[in-house]
Amino acid sequence: MSKLLKQYEQLKKEDASSIYLFRIGIFYNIINEDAKIINEKLGLKITDLGPSIFKCGFPVSQLDKYILLLNNMKIKYKVIDNLPNSNINDYMKNIEIKKLLNKIADIDMNNTTFQQAFNTLLDIQNKLKEIL
């Protein structure tokens, strides 16, 4: 967290008017004064991490949603992404695979026709081809 705080402080010296969204793993985190502003404007839950350290955030999969909200509210922001893109892609693939597994798990074998089963398998196969 100390590296992040140093980077945040340096960025704020360069441009104090922007809100900084830091990608940390599979989340975007907003810290300190920026977190307080985002908490007030967007209602994201703020977490107190210790003396003078606050954060709020959202999953990387929701970036487009929050960019739209920030743009609509005319809030100046910068996305700070120091991680390789493969982490996001791996995470998103994992989410899609979990959705497919849940679809399989939710099949009611006692009330599924052969045609429904075939269509479900075909749909799953096509989605897996897109993911893989």
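Cut-off values and rules
Within any chain, residue numbers begin from 1 and follow the written order of that chain's sequence. With pLDDT at 70 or above as the cut-off, local features in this predicted model cover only qualifying residues; side-chain atom pairs require 80 or more to be listed or tallied, and sums for whole chains, interfaces and linings still use all residues. Derived side-chain values reflect all non-hydrogen atoms in the structure, with water molecules and hydrogen atoms excluded from consideration. Whether a residue is buried, partly exposed or exposed follows from its accessible area with a 1.4 Å probe, protein chains only, as a fraction of its type maximum: under 20%, in between, or over 50%, in that order. Only DSSP runs of H or I reaching four residues or more are called helices, and only runs of E reaching two or more are called strands; each is numbered from the N terminus. Following DSSP output, two strands are said to pair if at least two bridges run between them. As used here, the arc belongs to the directions running from the helix axis to the C-beta atoms. By the convention used here, residues are in contact when the closest approach between their heavy atoms is within 4.5 Å. Angles here are taken between N-to-C directions and fall from 0 to 180 degrees, while the axes themselves are lines fitted to C-alpha atoms, restricted in helices to the stretch in contact. For this classification, under 35 degrees means roughly parallel, over 145 means roughly antiparallel, 65 to 115 means roughly perpendicular, and everything else is oblique. Note on residue categories: nonpolar means Ala, Val, Leu, Ile, Met, Phe, Trp, Tyr, Cys or Pro, charged means Asp, Glu, Lys or Arg, and polar means any other residue, Gly included. By convention a nonpolar core is built from buried Ala, Val, Leu, Ile, Met, Phe, Trp, Tyr and Cys residues, the set being connected through side-chain atoms within 4.5 Å. What a helix is expected to span follows from its residue count: subtract one and scale by 1.5 Å.

Student: If you had to explain the pairing of strand β2 (residues 27-31) to someone new, which residues and values would you point to?
Tutor: Most of β2 sits inside the fold, with 4 of its 5 residues counted as buried. Of the pairings in the sheet, the one linking strand β1 (residues 19-24) to β2 comprises 3 bridges and is antiparallel in character. Within the sheet, the bridge partner assigned to F22 lies in β2 and is N29. In textbook terms, the turn of a hairpin is the stretch between consecutive antiparallel strands, and for β1 and β2 this stretch comprises 2 residues, one of which, G25, has a positive phi near 65°.

Student: Quick one: what's the story with helix α3 (residues 63-72), residue by residue and with numbers?
Tutor: Looking at α3, one finds that the buried residues are L63, Y66 and L70. Down the axis of α3, the buried side of the element spans an arc of 70°, and every buried residue falls inside it. Away from its buried face, by an angle of more than 90 degrees, α3 presents the exposed residues D64, L68 and N72. Each element contacted by the buried residues of α3 is listed here: β1, β2, α2 (32-42), β4 (53-59) and β5 (77-80). Downstream of α3 by a residue or two, K74 has a phi angle that is positive, lying close to 55°.

Student: With reference to specific residues and values, describe the packing of helix α1 (residues 2-14) against α2.
Tutor: Between two packed helices, both the angle of their axes relative to each other and the distance between the axes serve to describe the pair. One way to put it is that α1 packs onto α2 with a least axis distance of 10 Å and a crossing angle of 80°. Comparing their axes, α2 and α1 come out roughly perpendicular. Residues L5, Y8 and K12 of α1 touch α2, and the partners they reach there are N32, E33 and D34. Considering only residue class, the contact of α1 with α2 consists of 2 nonpolar, 1 polar and 3 charged.

Student: I'd like a rundown of the nonpolar core, residues and numbers included.
Tutor: Core analysis: the largest hydrophobic core is formed by 14 residues, its most contacted members being L21, I30, I38, L44 and F58. For this core, the elements supplying multiple residues, two or more each, are β1, β2, α2, β4 and α3. For this core, the leading source of residues is α3, giving 3 residues. Setting aside anything within four residues of it in sequence, one finds I38 in contact with I19, I30, G43, L44, C56 and L70. Membership of the second largest hydrophobic core comes to 9 residues, among which are L4, L5, L11 and I31.

Student: Mind laying out helix α5 (residues 114-131), listing which residues take part and the relevant values?
Tutor: End to end, α5 covers 26 Å across 18 residues, agreeing with the expected 26 Å (1.5 Å per residue, within 8%). Within α5 the residues assigned to the buried category are T120, I124 and I131. Each buried residue of α5 lies within a common arc of 35° when the element is viewed along its axis, so the set occupies one face. With respect to the buried face of α5, the exposed residues turned more than 90 degrees away are F114, Q115, K129 and E130.

Geometric values such as these leave the question of function open.
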